[in-house]
Amino acid sequence: MSQQDNSRQDDLVRLSAAEMADKIRNKQVSSRELVEAELKVIESAEPSIQAFLHISKDEALAQADAFDKKHASGDTEGLPELAGVPIAIKDMIVTKGIETTAASKILEGWVPPYDATVITKIKAAGMPILGKTNLDEFAQGSSTEHSAYTTTHNPWDTERVPGGSGGGSASAVASFEAPVALGTDTGGSIRQPGALTGTVGVKPTYGGVSRFGAIAMASSLDQIGPVSRTVLDAALLHELIGGYDEHDSTSIPKPLPSIVKAAREGQKMDLKGVKVGLIKEISGEGFQPGVQARFDEALKALQNMGAEVVEVSCPHLSYALGAYYIIMPSEVSSNLARYDGMRYGLRVMPPTGTDQTAANMMAATREAGFGDEVKRRIILGTYALSAGYYDAWYGSAQKVRTLIIRDYENAFKQCDVLVSPTSPSTAFKFGEKMDDPLTMYLEDVATIPANLAGVPAMSIPAGLSDDGLPVGFQFFAPQMRDDLMYKPAAALEAALDQARGGPMLQSLKTPWLESLAK
Amino acid sequence: MMWIMPTFTREEIEHLGDLARIALTDEEVTRMQGQLNVIADAIAKVQEVASDDIPPTANPVPLEAYMRPDVAVTPLTQEQALADAPATEDGMFVAPRIMGEE
């Protein structure tokens, strides 16, 4: 291929999803050309990034061709704005006919017989699926090191983790392997990797996006959401996947708020009348100075655009980590009971000399099929739910959950959105926290409260810390008012881009793209 | 309510492994014992504020129960449902025997 063609592809993959969609609508580029360009980047980047567990090249090209054909015949009227734009999917979301493993050995080779509701919507929108991205096994972890298959690297420093559990989706989007991706967020698995990779990650209101076909981890906390490079792209994807679904009994039977409109409004950089609450319990102590510095500057930028900043207190947030590490493992122990070697997934028979019974087969299968972190959480959850301990542990955690919801309700009486740093530290080195689970759990101290309270939250890049690594800025909004956080998030993004002279990802060194342009 | 400060003994972890149907190795039990006791210390304090007058929350976004329309849909075929099974016979899942030798 000529040099000119290659440099054009380099430019193509750096576009936002919204820009790609514009070019598709204006017939300057086809969906197939976009898919081919991304597949080239994936081929070039994967040896150093390893964001994907499975690349669905043939399916993506077929989906692109089908869309292009429809588009050529003028039959794409009424399709969502992102129609034809390629996407990557966290391997925690089931895709009919494409292997789905949750990064666990227990599901190795499993080909789901159905699509998650969000996948049905993605397919109906003509968005080609590039592949399935890596994660901590069953989305349990904060570094993606607990994947049973591969270690995903942070494109900002490939000696460091991309965060987790959705490190694959975040790294894929940051390294331009995909313009957008889907993730799942149970305690921060979309937002914390967003912070560590310099991308945008959104956890919608609990019940705002269907969980049908999201592999269940902790059902009262799990939420599917968008991963992107811009706030507007996240908004476009959020509206596309959101809304009521009769297949999910916790789906909210109401229309979504106008999220895209709010993001566009925010781009005007006028925040007069917006009240921003600084949560004093999630800031300062325990946060790296470089993280705190970028956070403080971003807060100032919000004020400069007319936002009023007030300090609010959520006194029970200091109990959030404890409540989370009781409720989540309890639900994990229950949800993961389905992996019993009977109907699908791995089956390991007990060793000879042991009774060859169903119960022993289950124990042998689960011992062989689950990794350390998953086992630890199942055991902890089994304990928290056992007779004699249930009231003291699970019962207390559920009460703390009520207190945290009340804290948020009180805080939102004083302001429209709440803010905090997304993560206490920037990306850490491989192995640094693997032998100390509690230190790893503390990574999510700022993100967990949103899952407990069911409120929407998002992380956007706030700049680079002194160590040259990305810092995330987190917004929270009241339940079912996801639109309220998109406006200041888009405004902050625009202000920071303006001050910097372009998006933060412009400064990311991308040798995998340069080798393509050669 | 009684405050419970757990200490995980080897026997307890082995018992939990049996309940959860995971054949933990001795080495795993040893490692888990240290880790679980550190984690338990950090989370036990939820009991501090969980007084009797606070109602528990199971679903953070409570919804009213409602009836869905009764619409017939096509479920997975038997073939699809069995496609990824470890063992099948005559359109059924094959499982190891349920009872022990005795």
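Just so you know, these numbers come straight off a predicted model, no measurement behind them.

A word on the overall build of chain B
Looking only at helices and strands, chain B features 3 helices and 2 strands. Secondary structure elements of chain B occur, N-terminal to C-terminal, as α-α-α-β-β. The C-alpha atoms of chain B give a radius of gyration of 23 Å, which is well past the 13 Å a tight globule of 102 residues would have. A principal-axis box enclosing the C-alpha atoms of chain B has dimensions of 55 × 50 × 25 Å. Across the 102 residues that make up chain B, the buried fraction comes to 18%.

Examining the overall build of chain A
A count of helices and strands for chain A gives 18 helices and 11 strands. Computed over its C-alpha atoms, the radius of gyration of chain A comes to 22 Å, within 12% of the 24 Å expected for a compact globule of 518 residues. Considered along the principal axes of its C-alpha atoms, chain A spans approximately 65 × 55 × 45 Å. Pairs at least 24 residues apart make up 77% of the contacts formed inside chain A by residues separated by at least 6 positions.

Re the sheet that holds strand β9 (residues 417-421) of chain A
All names here are of chain A. The 11 strands lie next to each other as β1-β3-β2-β4-β6-β5-β10-β11-β9-β7-β8, forming an open sheet whose pairing is mixed. Across the chains shown, the open sheet's two edge strands, defined by having one partner strand only, are β1 (52-55) and β8 (308-312). Direction aside, the axes of adjacent strands within the sheet are offset by 25° on average. In this structure, strand β10 (residues 457-464) lies alongside strand β11 (residues 470-476), joined through 7 bridges in antiparallel fashion. Paired with Leu 464 across the strands is Pro 470, a residue of β11. Each of β4 (180-184), β5 (200-203), β6 (224-228) and β10 touches helix α8 (residues 231-241); the most contacted strand, β6, lies at about 150° to it.

Thoughts on the UniProt feature "active site" (unreviewed entry) in chain A
All names here are of chain A. Following the UniProt record, the feature "active site" (unreviewed entry) maps to Lys 90, Ser 165 and Ser 189 here. Separation in sequence by 100 residues is not matched in space for these annotated residues, since their most distant C-alpha atoms are only 10.7 Å apart. Residue position: Lys 90 is located in strand β2 (residues 87-90). Beyond its immediate stretch of four places on either side in the chain, Lys 90 contacts Thr 133, Leu 135, Gly 166, Gly 168, Ser 169, Ala 181, Leu 182, Gly 183 and Thr 184. Ser 165 has contacts with Leu 135, Asp 136, Ala 139, Gln 140, Gly 141, Thr 144 and Ser 189, leaving out every residue within four places of it along the chain.

Focus on the pairing of strand β7 (residues 275-279) of chain A
All names here are of chain A. Direction of pairing for β7 relative to β8: parallel, over a ladder of 5 bridges. When the bridges of β8 are listed, Leu 278 appears paired with Glu 311. Traced from β7 through helix α10 (residues 289-304) to β8, the parallel crossover comes out right-handed. Where β7 lies against β9, 3 bridges are found, and the strand directions are parallel. Its bridge partner lying in β9, Val 276 is registered against Val 417.

A few points about the interface of chain B and chain A
Each side of the interface is counted separately: chain B has 47 residues, and chain A has 60 residues. For the side of chain B that touches chain A, the secondary-structure elements that each account for two or more residues are α1 (10-19) and α2 (26-43) of chain B. Tallying contributions element by element places α2 of chain B first for the side of chain B that touches chain A, with 7 residues. Partitioning the side of chain B that touches chain A into residue classes produces 34 nonpolar, 7 polar and 6 charged.

Some points on the packing of α10 of chain A against helix α17 (residues 482-500) of chain A
Residue and element names in this part refer to chain A. In contact at an axis separation of 10 Å, α10 and α17 are set at 105° when each is read in the N-to-C sense. The orientation of α10 relative to α17 falls into the category roughly perpendicular. Note on element contacts: α17 touches α10 through Pro 488, Leu 492, Ala 495 and Leu 496, opposite Ala 298, Ala 301 and Leu 302. When its residues are assigned to classes, the contact of α10 with α17 shows 7 nonpolar, no polar and no charged.

Section: the environment of Val 61 of chain B
Within the fold, Val 61 of chain B resides in the loop between α2 and α3 (78-82). Excluding anything up to four places from it in sequence, Val 61 of chain B contacts Thr 205, Tyr 206, Gly 207, Ile 252, Gly 454 and Gln 479 of chain A.

Quick notes on the environment of Leu 53 of chain A
Residue and element names in this part refer to chain A. Locating Leu 53 in the fold gives a position in strand β1. With 417 residues separating them in the primary sequence, Leu 53 and Pro 470 have C-alpha atoms 25 Å apart. Discounting chain neighbours no more than four positions away, the residues touching Leu 53 are Asp 91, Thr 101, Ala 103, Lys 132, Thr 133, Asn 134, Tyr 149 and Thr 150.

Some remarks on the confidence of the model for chain B
Overall, the predicted model of chain B reaches an average pLDDT of 90, with 94% of residues at or above 70. Per-residue pLDDT, averaged within each element of chain B, yields its smallest value for α2 of chain B (92) and its largest for strand β1 (residues 88-89) of chain B (97).

Examining the packing of helix α9 (residues 259-266) of chain A against α17 of chain A
Residue and element names in this part refer to chain A. Two numbers describe how α9 lies on α17: the axes approach to 7 Å, and their chain directions differ by 25°. Comparing the axis directions of α9 and α17 gives the class roughly parallel. In terms of crossing hand, the pair formed by α9 and α17 is right-handed. Note on element contacts: α17 touches α9 through Asp 482, Asp 483, Tyr 486, Lys 487, Pro 488, Ala 489, Ala 490 and Ala 491, opposite Ile 259, Ala 262, Ala 263, Glu 265 and Gly 266. The class makeup of the residues in the contact of α9 with α17 is 8 nonpolar, 1 polar and 4 charged.

Structural notes on helix α4 (residues 57-72) of chain A
Residue and element names in this part refer to chain A. For α4, with 16 residues, the first-to-last C-alpha span of 22 Å sits near the 22 Å given by 1.5 Å per residue. Turning to α4, its buried residues are Ala 60, Gln 63, Ala 64, Phe 67 and Asp 68. Summarising the axial view, the buried residues of α4 lie within an arc of 135°, below the 170-degree limit, and thus occupy one face. Facing away from the buried side of α4 by more than 90 degrees, the exposed set consists of Asp 58, Lys 69 and Ala 72. Turning to α4, the residues buried within the fold contact α3 (31-49) and β3 (129-133). The positive-phi residue at the C-terminal boundary of α4 is Gly 74, with phi of around 70°.

What to know about unusual backbone geometry
Residues and elements named next belong to chain A. Cis geometry is adopted by the peptide bond preceding Ser 165, which originates at Gly 164 and carries an omega value of 10°. Its location among the elements puts Ser 165 in the loop between β3 and α6 (167-174). The phi torsion at Phe 176 lies on the positive side, around 70°, for a residue other than glycine. C-beta crowding within 10 Å serves as the criterion here: with 24 such atoms nearby, Phe 176 is assigned to the buried category.

Rules used in this analysis
- Residues numbered from 1 in each chain as written.
- Chains lettered and ligands numbered in written order.
- Predicted model: local features only at pLDDT ≥ 70, side-chain atom pairs only at ≥ 80, totals over all residues.
- Helix = DSSP H or I, 4+ residues; strand = E, 2+ residues; numbered from the N terminus.
- Rg over C-alpha atoms; globule rule 2.2 N^0.38 Å.
- Buried ≥ 20, exposed ≤ 12 C-beta atoms within 10 Å, placed from the backbone.
- Contact = placed C-beta atoms within 7 Å.
- Pairing = 2+ DSSP bridges.
- Axes fitted to C-alpha atoms, helices over the stretch in contact; angles between N-to-C directions.
- UniProt positions renumbered as here; feature names shortened; annotations may be inferred.
- Right-handed = clockwise from strand over helix to strand, strands pointing away.
- Nonpolar A, V, L, I, M, F, W, Y, C, P; charged D, E, K, R; others polar.
- Parallel < 35°, antiparallel > 145°, perpendicular 65-115°, else oblique.
- pLDDT = per-residue confidence, 0-100.
- Left-handed = near helix turned anticlockwise from the far one by under 90°.
- Expected span 1.5 Å × (residues − 1).
- Arc of directions from axis to C-beta.

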